[in-house]
Amino acid sequence: MNNFERFLNLDFKAKTKSQPKSCTHHHQMFLLLICWVSFILFFKSKSPPMKKPVFLEEISRFLVSWFDSDNKFDFSLYQVSIKRPAAKICFLDLPELAIDCILEKLSPSGLCSMGRVCVSLRERCSSDDLWNKHLKKKWGGLIGNSAFIKTRTSSLAANNSLMAMYMSLENGQFWFPAQVYNRENGHAGFLLSCHDAQLSYDSRTDTFQARYSPYGRRMTEDGIEWHRLRAAPVDTPAYHLHISDCLHHLKPGDHIEIQWRRSTEFPYGWWFAVVGHVESCDGNENSCHCQYSDKIVMEFNQYSPASRWRRIIVNRKDHKEEGNEADGFYGGIRKLYNPHEISIWKNLWPTQVFE
């Protein structure tokens, strides 16, 4: 119970012992709204623009809990009915600041319920300002800028509103582009890789379905959890070579992602690797000059030292797609600077070494 709720309970404790429970609720809500409206009007008229006080935030949280609760008393989202002759307080008669504060605290389902009360509230509850917050909170880490534009302009979001975009994503009606770590969850051929896919959300299981390129053994995958997904870190299409802008700065120990595909008909996937030392270097940091070499060694440490997949060498000054039909084709390289990106890859590390 917060401070404001305790205030209401203490104030009415002596007065409501002999009154019915429903009447007590009405008196409490009536006093609450009168005090709140008076406070807001005084605050707006006497105070310069500033951050909303903690007391106002506390009142807002309390009111929202009443709006979202299933308590059985004579109180609706639209008006408060007081059992006195012709006494009604309309929700829309509250100051703009009060209404905005309440709506900002509502969940997506709460906004939808509030929007069904009347035309005026429907317009308010579909505001892009309100839904932008919910979109960023749930989908911001998964939908990149290009995917965001495509989703908003899709036919499923015909009215071009952020509310329509949120609902089409939540209902699984819209397939959006993103990337999936460890495609075909657990298959050795895709460990420590990330591939482009079209995704659809299943709110019943809080998981995703993925559609991959038509090339390959399996084109769909179900039950993908959030931690195996990310927004595409670069705008390079899956069939295009990524232009590497980090080659001159790479040195042993750097974490990178490199494009690889089985054949030129396949799209690229991104594979995690670490920059290693050239053969002529003993690995001593004090005498290492690998970063000045024309060759860059990429090591895939999930494979044993004897595996043909363990390491590759690329040209630092003239890097382009290299490979063959037997070993596949290596493409562009991007250096990982963000510790969070690196930690995601390490958390996906296999429990055994592969040949």
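Note that the structure is predicted; figures quoted are calculated from it, not measured. (Residues numbered from 1 in each chain as written. Predicted model: local features only at pLDDT ≥ 70, side-chain atom pairs only at ≥ 80, totals over all residues. Heavy atoms only, no water.)

A. Highlighting the packing of aromatic side chains. Enumeration according to the criterion identifies 15 aromatic pairs in this entry. Between Tyr 201 and Phe 208 the ring centres are 5.1 Å apart and the planes differ by 50°, which places this aromatic pair in the tilted class. A single burial state applies to Tyr 201 and to Phe 208, both of which are buried. Through a chain of ring-to-ring contacts, three or more aromatic side chains come together here, namely Trp 139, Phe 176, Tyr 201, Phe 208 and Trp 226. Sitting above the plane of the Tyr 212 ring, Arg 183 keeps its charged end 4.1 Å from the centroid. Cation over ring: Arg 211 sits above Trp 175, and NZ or CZ is 3.6 Å from the ring centre. (Phe/Tyr/Trp six-rings, centres within 6.5 Å; stacked < 30°, edge-to-face > 60°. Buried < 20%, exposed > 50% of the residue type's maximum accessible area, 1.4 Å probe, protein only. Lys NZ or Arg CZ within 6 Å of the ring centre and 35° of its normal.)

B. The packing of helix α7 (residues 128-139) against helix α9 (residues 162-170), seen in detail. Running from N to C, α7 and α9 point in directions that differ by 35°, and their axes come no closer than 8 Å. Both α7 and α9 take part in a crossing whose hand is left-handed. Together, Asp 128, Trp 131, Asn 132, His 134, Leu 135, Lys 138 and Trp 139 of α7 and Leu 162, Met 163, Met 165, Tyr 166, Met 167, Leu 169 and Glu 170 of α9 make up the contact between the two elements. Among the residues forming the contact of α7 with α9, the class breakdown is 9 nonpolar, 2 polar and 3 charged. (Axes fitted to C-alpha atoms, helices over the stretch in contact; angles between N-to-C directions. Helix = DSSP H or I, 4+ residues; strand = E, 2+ residues; numbered from the N terminus. Left-handed = near helix turned anticlockwise from the far one by under 90°. Contact = heavy atoms within 4.5 Å. Nonpolar A, V, L, I, M, F, W, Y, C, P; charged D, E, K, R; others polar.)

C. Quick look at the environment of Tyr 330. Inspection of the secondary structure puts Tyr 330 in strand β13 (residues 328-335). When its relative accessible area of 12% is taken as the criterion, Tyr 330 is described as buried. Each C-alpha atom of the pair Tyr 330 and Tyr 268 lies 8.6 Å from the other, and the pair is 62 residues apart in sequence. Beyond its immediate stretch of four places on either side in the chain, Tyr 330 contacts Ile 258, Gln 259, Trp 260, Phe 300, Trp 309, Ile 312, Lys 320, Glu 321 and Glu 322.

D. A look at the packing of helix α5 (residues 108-115) against α7. Where α5 contacts α7, the two axes come as close as 11 Å, and the packing angle between them is 155°. With respect to α7, the axis of α5 lies roughly antiparallel. Of the two elements, α5 crosses α7, and the hand of that crossing is left-handed. Residues Pro 108, Leu 111 and Cys 112 of α5 form the contact with α7, whose participating residues are Leu 130, Trp 131 and His 134. (Parallel < 35°, antiparallel > 145°, perpendicular 65-115°, else oblique.)

E. Structural detail: the confidence of the model for the chain. In this model, the chain carries a mean pLDDT of 79, and residues with pLDDT of at least 70 account for 70%. Considering only residues more than four positions removed or in separate chains, one finds that residues 2-26, a stretch of pLDDT under 50, has 29 contacts. pLDDT under 50 marks residues 70-82. Its contacts with residues more than four places away, or in other chains, come to 30 contacts. (pLDDT = per-residue confidence, 0-100.)

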